[in-house]
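# An overview of the molecular structure
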Amino acid sequence: MRLKAILADDEPNILRNLQAVIPWDELEIDIVGTARNGLEALELCGLHVPDLVMSDIRMPLMDGITFVQKLRELSEDCTVLMVTGYQDFEYARSLMRVGVSDYILKPINYEELENSIRKLANEIKEKKLNQQEEQQKWGKMKNLAYEKILQDVLMNYTEITTHTLLPIDNLDLETLSYLFAMIDVDDYSQKSLPWSEQERKLWNFAVRNVLQDSLTDEQLKFTVLQLREGEWCVLIQWEERDESKAQTKLDDIALRLQNNVLQSVKLGISVGYFPEAVGLHQLSDTYRKLQRFLQLHLGKQQSLLRYKESKEPADANSTLWYLVEEIVTGLKQLNRAKTEDALSRLKLLLEGLPDCSFARAYQMLHFLILHLLRELREMNSLDMQEEEQIWSQLDKSESIQHLLQVMVQLVAVGLEGANKKKNSELLMAAAKEYIRTHYANDFGIEDVASSLGISSSYFSLLFKQHFGETFVEYVTKHRMELAKSMLLHSDKSITDIGKSCGYLERRYFTKVFQKFTGEIPSEYRDKRKEAK
């Protein structure tokens, strides 16, 4: 890491000696300018923004003290080393008050000066590294918060209002538009059947990495979200209003994603995408449309599919889709009555089909069974042996009646799997206890869901249904209540209280607390203690 320095002294010989005697290159410091007075030094600082300034105290036009005072209006971070002929201790202390880090007395001892510069340079580099690490940490936190908001929006778990802001940088989410593409691994259910849970995670992780790397090269602001195994949503922030440009960009991106995944992971994928940018409020609806559109293309293999709104009235095939979706929703909600009602209506629909629709309906029902299999796998509602039995039954099925029997069996397995689990009340009671005992730790949805033995998406759904708010909203609210109590009833520092509530960075804790209460922690504590 190289630093920038400016030298200021009204004696040319001293400036030449400083440049020649001090091993600046060894210290990884570049001299970006020299000045003969305070005014020149100030202009150079505005132009180059140096890390270190070495200045004489007695200079024409503007002395060193005034120069440092003016410099502090430009930059609080620049380190200043002052050269002075004054040996009075009180005067040296006055230099510290205006922001001077160290001082050297004339006549200059160059060995002592080199040691002082080396020490200051190391301090500057350490501070810069800490700032970089903090910025990276903030970037990761912002990305995680942003991804969580988008995932909740896609799954329709949260409401976005005009007051919804990304908590770290106050990004107005309502102003954003997105290009939306969905990626689905072809024949994922069949391909993943022999894989262990660890192998499935590794394959999914590999595909996600390829998708992200492919988009990083484009210099786009994008997010890749996985809502179930073998399926990803790609959201790209888009400001262009020209729809043709959006379609051209999506055509190019979809083809690149498909080729890169096939080349790197040896898996064929199909990509479905919406032809125009959509706002935040349309994301959930667009996700459902794209998922249905992509899945209803039976026999698709490495397809690139641009979404088209169907102008025809809903036929039996599309109705089959909605009934299976109702079955899935009923299973997710542990609602046996809703699940069985949707299954009964599915049976009646199939029984009333005309003969001419049987071939298409057979294909459709076969595929919807695979769709239901994937959803049950996400919910951990069937084990490997049960899934293998379903596949064996599918291989032997030759008619709609046989497929319907498989569907009935699969729903029964799903309901039984839900009953084997703890019911939602007990699950959420366990989640509540986990949160209460881990306030001081850095944990997320994945940690709580894993401790309960259910998937993250299923946990999010149950949590929102049970508590009426998202996981992040609930945890933040209760952490803030704990923080308020500790501020009023303990003498702990703001930093320690933040850590006790799960916020390792005081600055982030202060931001969240202020957003929640309208006051920073110190104001909250002082006002109420004064009132007491």
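For the structure itself, consult the block above.
Residues numbered from 1 in each chain as written. Predicted model: local features only at pLDDT ≥ 70, side-chain atom pairs only at ≥ 80, totals over all residues. Heavy atoms only, no water.

## Here's the deal with the environment of Asn-209
- Considering the arrangement of structural elements, one finds Asn-209 in helix α7 (residues 197–216).
- Along the primary structure Asn-209 and Val-224 are separated by 15 residues, whereas in three dimensions their C-alpha atoms are 9.4 Å apart. (Helix = DSSP H or I, 4+ residues; strand = E, 2+ residues; numbered from the N terminus.)

## Considerations on the packing of aromatic side chains
- Tallied over the full model, the rule gives 16 aromatic pairs.
- For the ring pair Trp-195 and Trp-203, a centre distance of 5.2 Å and an interplane angle of 15° mean the geometry is stacked.
- With relative accessibility at 31%, the residue Trp-203 sits in the partly exposed group.
- For the ring pair Phe-443 and Phe-471, a centre distance of 6.2 Å and an interplane angle of 75° mean the geometry is edge-to-face. Of this pair, Phe-443 sits in the loop between α15 (424–437) and α16 (445–452) while Phe-471 sits in helix α18 (residues 471–489), and the two are 28 residues apart along the sequence. (Phe/Tyr/Trp six-rings, centres within 6.5 Å; stacked < 30°, edge-to-face > 60°. Buried < 20%, exposed > 50% of the residue type's maximum accessible area, 1.4 Å probe, protein only.)

## A look at the side chain of Asp-184
- Topologically, Asp-184 is positioned in strand β8 (residues 177–185).
- On the basis of relative accessibility, which here comes to 2%, the residue Asp-184 falls in the buried class.
- At 3.1 Å, the side chain of Asp-184 forms a polar contact with the side chain of Arg-374.
- Apart from residues lying up to four places away in sequence, Asp-184 is in contact with Gly-230, Glu-231, Gly-268, Ile-269, Ser-270, Leu-294, Gln-295, Lys-300 and Arg-374. (Polar contact = N/O pair within 3.5 Å; in protein donor to acceptor, adjacent residues only side chain to side chain. Contact = heavy atoms within 4.5 Å.)

## A closer look at unusual backbone geometry
- Despite not being glycine, Glu-28 shows a phi value in the positive range, around 60°.
- Within the secondary structure, Glu-28 is located in the loop between α1 (12–21) and β2 (29–35).
- Positioned with a positive phi, Val-49 is a non-glycine residue whose angle comes to about 50°.
- Inspection of the secondary structure assignment puts Val-49 in the loop between α2 (38–48) and β3 (52–56).
- Assessed through its relative accessible area of 51%, Val-49 is described here as exposed.

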